[in-house]
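Reading the structure
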Amino acid sequence: MTDTAAEAPLDLPVDGSVNGTELATYIAAKLCHDFISPSGAIVSGLDLLDDPSAQDMRDDALALIAQSARKMVALVHFARVAFGAATTSERFTARELQALVTGVTVGGRATLDWRVNEGEFSKPQARALINLAYLTIGALPMGGNAVIETRVENGVLHLTGHADGARARLKPEALTGLNGLRLNEGLAGQWIQPYWLWLTVTEAGGDLTTTIEDGRVVLSATMPV
């Protein structure tokens, strides 16, 4: 979940909704930002293999290529469900969604505690759940425990992410997005995924709330079953 690549701030007006073209632009920019690190590492590994003076690093180069390729595949699988509809599946199991989240967060400092009830989730529910899980883990940059829970009560699906850790936090841009507001300053790359989660939940007729306490961040969403 580390984000080391540079991002350019985008100035967006604070009034009015985000139209489809803008939304597609911001999501495309985020995906390019996410993909550039593993794809660049693959190219670096291939360059080492081609360098006659670096043949003693061949095993390291192959390991780098393999690790980065797995990361790229995990990001693509995650993005297809989290941001797109490019999948033939109309419903997803809890285990499938857990695998998607684990694939893109493995190796991070936070521990994932997946307490999602067995069952199936529609596309909007699945999209909301894995984005909420990703953002919950992302709220623990220095490590901690991310608990992802679901339950169904009275025809309503409840999705909850608890991020518990000494430095649990959300960036201001993320809070702006989670509140369904347009960004007027800061990094759009930190804003778009939280805003996309809010949009997914509200367009499905649900609600999204955020609670921040000392050492804890809680993201809670409700959606119709």
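Residues numbered from 1 in each chain as written. Predicted model: local features only at pLDDT ≥ 70, side-chain atom pairs only at ≥ 80, totals over all residues. Heavy atoms only, no water.

Some details on the side chain of Thr150
Definition in use: The secondary structure listing takes helices from DSSP runs of H or I that are at least 4 residues long and strands from runs of E that are at least 2 residues long, numbered from the N terminus. Here's how the labels work: a residue is buried when its accessible area is under 20% of the maximum for its type, exposed when over 50%, partly exposed in between, all with a 1.4 Å probe on protein chains only. Here, residues are in contact when the closest pair of their heavy atoms is within 4.5 Å.
Summarising the element assignment, Thr150 is placed in strand β4 (residues 144-153). For Thr150, a relative accessible area of 8% corresponds to the buried category. In contact with Thr150, not counting residues within four places along its chain, are Arg115, Val116, Asn117, Phe121, Leu129, Leu157, His158 and Leu159.

With respect to the packing of aromatic side chains
The condition is simple: Planes of paired rings set the category: under 30 degrees apart is stacked, over 60 is edge-to-face and the rest tilted, where pairs are Phe, Tyr or Trp rings (Trp by its six-membered ring) whose centres lie within 6.5 Å.
Per the stated rule, a full pass over the model turns up 5 aromatic pairs. Between Phe78 and Tyr134 the ring centres are 5.5 Å apart and the planes differ by 40 degrees, which places this aromatic pair in the tilted class. Taken together, the positions of Phe78 in helix α2 (residues 58-82) and Tyr134 in helix α4 (residues 123-138) put the pair 56 residues apart, joining distant regions of the chain. Each member of the pair, Phe78 as well as Tyr134, is classed as buried. With centroids separated by 5.4 Å and ring planes inclined at 35 degrees, the aromatic side chains of Tyr195 and Trp198 adopt a geometry described as tilted. Taken together, the residues span about one helical turn, with Tyr195 and Trp198 both in helix α6 (residues 188-203) at a distance of 3 residues.

Focus on the packing of α2 against α4
Keep this limit in mind: The axes used here are C-alpha line fits, helices contributing only the stretch in contact, and every angle between their N-to-C directions lies in the interval 0 to 180 degrees. Each angle is binned into one of four classes, with values under 35 degrees roughly parallel, values over 145 roughly antiparallel, values of 65 to 115 roughly perpendicular, and all other values oblique. Under the grouping applied here, Gly and all other residues not named as nonpolar or charged are polar, the nonpolar ones being Ala, Val, Leu, Ile, Met, Phe, Trp, Tyr, Cys and Pro and the charged ones Asp, Glu, Lys and Arg.
Where α2 meets α4, the closest approach of the two axes is 8 Å, and the angle between their N-to-C directions is 130 degrees. On the basis of the axis angle, α2 is oblique to α4. Within the contact between the two elements, α2 uses Phe78, Val81 and Ala82 and α4 uses Ala126, Arg127, Ile130, Asn131 and Tyr134. Each residue belonging to the contact of α2 with α4 can be placed in one class, and the counts come to 6 nonpolar, 1 polar and 1 charged.

Some details on unusual backbone geometry
Its identity is not glycine, yet Asn154 carries a phi of approximately 50 degrees, on the positive side. For Asn154, the position within the fold is in the loop between β4 and β5 (156-164). Using a relative accessible area of 80% as the deciding quantity, one classes Asn154 as exposed.

Let's talk about the pairing of β4
To keep things clear, this is the line we draw: Pairing between strands is defined by DSSP: at least two bridges between them are needed.
Here 6 bridges tie strand β2 (residues 110-115) to β4, and the two strands are oriented parallel to one another. Each residue of the ladder has a partner; that of Arg115, found in β4, is Glu149. As defined by bridge partners, β4 adjoins β5 across 9 bridges and the pair is classed as antiparallel. The residue bridging Asn145 from the neighbouring strand is Asp164, located in β5. Linking β4 to β5, which pair antiparallel, is a turn of 2 residues; within it Asn154 sits at a positive phi near 50 degrees.

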